[in-house]
Every structure is written in C-alpha cells, then in structure tokens.
Amino acid sequence: MATAAKRPKQVAAGGSPAEDGSADALSGFLDWCETVGLELSPKVYVSKEGTVSDYGLLAREDLQIGEVLFTIPRAVLLSQHTTSIRSLLEKDQASLESQSGWVPLLLALLHEYTASNSHWRPYFSLWPDFSSMDHPMFWPEEERMRLLQGTGILEAVDKDLANIQLEYTSIILPFMESHLDLFDPKLHTPELYQRLVAFVMAYRRWLWRSHFSVPSEVARRPLAVTDPSFQEPLDEEDEDEKEPNPPMMVPMADILNHVANHNANLEYSLECLKMVTTQPIGKGQEIFNTYGQMANWQLMHMYGFAEPYPGNTDDTADIQMVTVRRAALQGASTEAERQLVSEQWDFLCQLEMVGEEGAFVIGWEEVLTEEELSMTLKVLCMAAEEFKEFKEHEGWEEDTEDEESFTLSNETIPRLKASWKKLLHDSALLTLQSYSSDLKAEQDLLNDKVAYGKLSQREQQALQVRYGQKRILHQLLELAS
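Position numbers for residues start from 1 in each chain and track the written sequence from start to end. Confidence filtering applies because this is a predicted model: local features only for residues at pLDDT of at least 70, side-chain atom pairs given and counted only at 80 or more, and all residues used for totals across whole chains, interfaces and linings. For side-chain calculations, the full set of non-hydrogen atoms in the structure is used, while hydrogens and water are omitted.

### Let's talk about the packing of helix H9 (residues 321-330) against helix H10 (residues 335-350)
In the contact formed by H9 and H10, the axes pass within 9 Å of each other and the chain directions differ by 155 degrees. The angle between the axes of H9 and H10 places the two elements in the roughly antiparallel class. For the pair H9 and H10, the crossing hand works out as right-handed. For the pair formed by H9 and H10, the contact residues are Met321, Val322, Arg325, Ala328 and Leu329 on the first element and Arg338, Val341 and Trp345 on the second. Think of each axis as a best-fit line through the C-alpha atoms, taken over the contacting stretch in the case of a helix, with angles from 0 to 180 degrees between the N-to-C directions. Secondary structure follows DSSP: runs of H or I at least 4 residues long count as helices, runs of E at least 2 residues long count as strands, and numbering of each begins at the N terminus. Roughly parallel covers angles under 35 degrees, roughly antiparallel covers those over 145, roughly perpendicular covers 65 to 115, and oblique covers all other angles. Left-handed describes a crossing in which the near helix is turned anticlockwise from the far one by less than a right angle; the clockwise case is right-handed. By the convention used here, residues are in contact when the closest approach between their heavy atoms is within 4.5 Å.

Below is the structure:
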C-alpha cells in the first residue's frame, strides 16, 4: 500500500470545542452517533492510537471486501437544508448566490459552530482547532514564496484569499447585518470565515477543481473526490444539465485518513450514506478513504499535506499554457514566424483549447489533458500555408492513420513528430526554470535522513510537492528528447 497521509497533526490551542478532554469528546460524539441513528460496525473503532494522523478508523477484526463500516442517515448530514436556519437561507437564496456555491453551507457553519445549543455540537467537538490549521493560505507570504515557488500553489492561494475576502464583504457581511438576532459580526469575523473556508476545502467532496483556486480556462480534469464534506455525484445523464449538488458535512466519514490506494469508499442511497470496504483489511489496520485522484500540489493546497514520494501515484505536474506559447516564440527566428505563432495562439483560444491562465496536466503515465496539448502542439508547429488551410476549415480535418491524434502517453510521446517533441521539451525546460532549486539538490536532501529530519513540517511537505513535480517533468524531458 502507498504511504498513508492526511492533514498534519494539530496542536490544541484556545477556541476549539474539542479543547478540553479528547477522550470525553470522543465518548460524547459516539453517544451522539447512537442517538441520531448513525450505526458504527462493532468490527471497527475510532482512535488516535495507531493512526497516521489524529483520529482515524481502525479494524477491530479482519474485514472482507464489501463490508459496511458505518451507515449515516441523511438527517445527520450538516448542510444548508438541515441547519436550524434553513428556512432563512432558503428565503434569502437569491442574495446568497456566489461563484463558489458554498455561501449557504458556510453561513450554516458560522451559525451552528458558534451556537451552544447546536444539534451538531458533539460532532464539532472532534473538529481540529481552527487556529492550528496549517494550509498554505495561513503561511507568511515570504515562506509561501520560498517553499512553493513554481508548484502552482502560490497562484491558487492568491485566488483563494481574494475570493474569500470578496464573498465575505459582498455577501456574508450584508446577510449577517440583516440578521443580527442570529449573527454577530464581532464574533463571525473575516478570520473565522477564512478558517471555515479552509476547513470546508479540507473536508468537502468536490467533483471539479475548487472555485476558489482555478480559473475557467484551466484544463478540465475531473477529480472524482470521495471526501467527507461533499457534493453528491449527479447521475451520468444529469451531469451536463444540472448544477452540482451543494456541499455538505458528513459526520464520521471525515474521521478517515487518506491514501491514494485506499481500502474503503463512501456509497450513496436515497436514505443514507455507507462507508464500505474495497479491499481486505487485517485486524488492527487503519481504514482509509480517498480524497480522489489528487496531485500533491492539490493535497497541499486544500489539505495541508503531501504524500511522500513515491506514494502518490496520482501526482501530476502542470505546464502553464502560456509557457508553451513562450517556448514557441523563443523558437521563432524571424518576425514573420513570431507573428505566425501569435495568430496560431489566437486561433487556439478561439477553439477553447488554451487560455491565459490554463495549464496542461502531465501525469506519471500520460498527459491528462491530451486533447488540449495535442491540438496545441499540432497548431503551433504548423507551417504558414498548412495553418492557413487548417484555419479555413475551422480546425476540422480528416484523421490520418499515421497521426496518433489526442494520444500523449509514455509510449507515444517518443514517436511524435520532431517539431512536436522539441516544443514539448522546451516547454518542460522553461517550467523547471520556474522553481527556485534543481532536482539533484532536492534528491540529495531527501536521501539525507538527518538533514531531512531537521526540516520543519512545512519544508518537508513542500519538498515532497516540488520533488514529485520535477521528477515528472524530467521524465517528460527524456521522453521528448
């Protein structure tokens, strides 16, 4: 099994409902589960002992594939539809619309988390203390720059912080000021709102990359995340027609830690949600859910941790779309050739294959955005006459048997046209130059256990992110050489 990971262990500090007596908090939570009909199998138990991080779920005895570990009635889920202020949220629904779609849930959390009589109070008692959350958005800007340059996390965090501030000032604060009988802006502050956003990012289920961090032009890679706070997946026939289901918090499910090669999965029915084993699990072993096929930069950005190399088989490296344009312009030797590249790029934008803020996603075995990258390489490597004819046909042409359209994998990349490989190679080189250190220095640091052990937790996690990305990019260099 790949190396297990989750959010780093939290150090208790003031302000958390779980501050006093974790044993009492766990006991109270389990009593509450029994009261609300959340059924926990006698074959498993919740503990901090023997887990990779904080609370986890462990097997009390051997488990086989398909065993139900716990069943959660839908009434237990915390959402805009189950909160005590649901009628108010429904009444003001139009004024709470946002790009993220999270505002109703976050208002529900702001209210329930600070209400002493909340139905979910025992559930909150197991939440980590917000002041100890260590997402990169809470790091000093200088430290983010030093440790995460080139990874894509810097840009994601900047967008998060800007959008959090915008939503709070334009939607959350006006709503609270209209309902001062339920909300107090001095208690429900921007700081608390930011912590709740980070918490929801770390515990929610999201079918596509987070609104807070990825622009619309980014390559569209589904993540199929099975995270405890979730947007329930739509039926396949509804995916293109309906808006995503709103996110919710799912008690008990958020206790499970993460690993790419997980051994349990959350299943849905009309009446309840069930956590079911997907692999045999031995007595005493920890039970892992998965947050989905997520690269280390995504795990670091949204959860505050990365899987140690080579544990994350879903790791990826991004090549910014504009970096490929830059590589093509660098390869142009005349003004006419540079003008051609600009016209080709504009045409790709019209085809919606590229964007100023998008990225091509490179995995260990294949390019995950192969259609977009293949078309980009094809168009940018066309001679003037070929491009003119291609443009006249609006990007349509008959497929040829010898051209492996939209197939970019470790097997096919070495067989690409020389011009395609050169552009891909140059783009990978430019991407590697965006980091503040090279692969060898980081490999030496990882191999030196003493030196690695002296690094702070942030430094270790950031190193794992950078190293995995650079390994993927160097592999691409070899394939395209």
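Picking up after the structure, the text goes on.
### Some points on the packing of aromatic side chains
A ring pair, where both rings are aromatic, is described by two values, the distance of the centres and the angle of the planes. Centres within 6.5 Å make a pair out of two Phe, Tyr or Trp rings, where for Trp the six-membered ring is used; the pair is then stacked when the planes are under 30 degrees apart, edge-to-face when over 60, and tilted otherwise. Counted by the stated rule, this structure contains 19 aromatic pairs. A ring pair is formed by tyrosine 123 and phenylalanine 124, whose centres lie 5.9 Å apart and whose planes are at 35 degrees; its orientation type is tilted. By the burial criterion, tyrosine 123 is buried, and phenylalanine 124 matches it. Seen from their ring centres, tryptophan 127 and phenylalanine 130 are 6.0 Å apart, and the 35 degrees between their planes marks the pair as tilted. Burial status follows relative accessibility: with a 1.4 Å probe on protein chains alone, a residue under 20% of its type maximum counts as buried, one over 50% as exposed, and anything between as partly exposed.

### Focus on the environment of alanine 295
For alanine 295, the position within the fold is in the loop between strand E10 (286-289) and helix H8 (296-303). Exposure remark for alanine 295: the relative accessible area of 0% places this residue in the buried category. Measuring from C-alpha to C-alpha, the distance between alanine 295 and alanine 317 comes to 8.0 Å, with 22 residues separating the pair along the chain. Not counting residues within four places of it along the chain, the set of residues in contact with alanine 295 comprises Asn312, Asp314, Asp315 and Thr316.

### Describing the pattern of salt bridges
Salt bridges are identified by distance alone: a Lys or Arg side-chain nitrogen within 4 Å of an Asp or Glu carboxyl oxygen. Applying the stated rule across the entire model yields 12 salt bridges. Residue arginine 466 pairs with glutamate 442 through a salt bridge whose shortest N-O separation is 2.5 Å. Here arginine 466, found in helix H16 (residues 457-479), pairs with glutamate 442, found in helix H14 (residues 439-447); they are 24 residues apart in sequence, far enough to count as distant. We note that arginine 466, like glutamate 442, is buried. A single salt-bridge network, built from bridges that share partners, covers Asp134, Glu143 and Arg458.

### Quick look at the sheet that holds E10
Ordered in space as E2-E3-E10-E7, the 4 strands form an open sheet in which the pairing is mixed. Edge positions in the sheet fall to strand E2 (44-47) and strand E7 (257-258), since each has one partner strand and no second. Should DSSP find at least two bridges between two strands, the strands are regarded as paired. In the sheet, E2 pairs with strand E3 (residues 56-59) via 4 bridges, with the strands oriented antiparallel. Bridge pairing links valine 46 to leucine 57 in E3.

### Brief notes about the sheet that holds strand E8 (residues 264-268)
Spatial strand order, E1-E4-E9-E8: 4 strands in an open sheet with antiparallel pairing. Looking at strand neighbours, the two that pair on one side only are strand E1 (39-40) and E8, the edges of this open sheet. Bridge analysis of E1 against strand E4 (residues 68-73) gives 2 bridges, and the strand direction is antiparallel. Bridging across to E4, leucine 40 finds its partner in phenylalanine 70.

### Overview of the environment of leucine 455
Along the chain, leucine 455 falls in the loop between helix H15 (449-453) and H16. In this structure leucine 455 touches Leu445, Gln460 and Leu463, once residues within four positions along its chain are discounted.

### Focus on helix H6 (residues 153-177)
Under the convention used throughout, the expected extent of a helix is 1.5 Å for every residue step, that is, one less than its residue count. Taking 1.5 Å as the rise per residue, H6 with 25 residues should run 36 Å; its terminal C-alpha atoms sit 34 Å apart, in good agreement. A residue's bend is given by the angle between axes fitted to the 7 residues ending at it and the 7 residues starting at it. Taken as a whole, H6 carries its principal kink of about 40 degrees at tyrosine 168.

### Notes on the nonpolar core
In this description, a nonpolar core means a group of buried Ala, Val, Leu, Ile, Met, Phe, Trp, Tyr and Cys residues linked to one another through side-chain atoms lying within 4.5 Å. Counting 90 residues, the largest nonpolar core has Phe70, Leu107, Trp127 and Met249 as its most contacted members. Judged by nonpolar contacts, the second largest core, of 41 residues, contains Phe347, Trp420, Leu423 and Leu476.

### Some details on a negative patch on the surface
A cluster of acidic residues, Glu385, Glu386, Glu389 and Glu392, forms a negative patch on the protein surface. Here glutamate 386 falls in the partly exposed class, since its relative accessible area comes to 40%. Here a patch means residues that are over 30% exposed by relative accessible area and free of salt bridges, tied together within 9 Å if like-charged and within 5 Å if nonpolar (Val, Leu, Ile, Met, Phe, Trp, Tyr). Exposure was quantified through the Shrake-Rupley algorithm and a 1.4 Å probe, taking into account, for residues, occlusion by the shown protein chains and nothing else. Residues scored as charged are limited to Lys and Arg (positive) and Asp and Glu (negative), so that His and the chain ends carry no count. Working definition for charges: the position is that of NZ of Lys, CZ of Arg, CG of Asp or CD of Glu.

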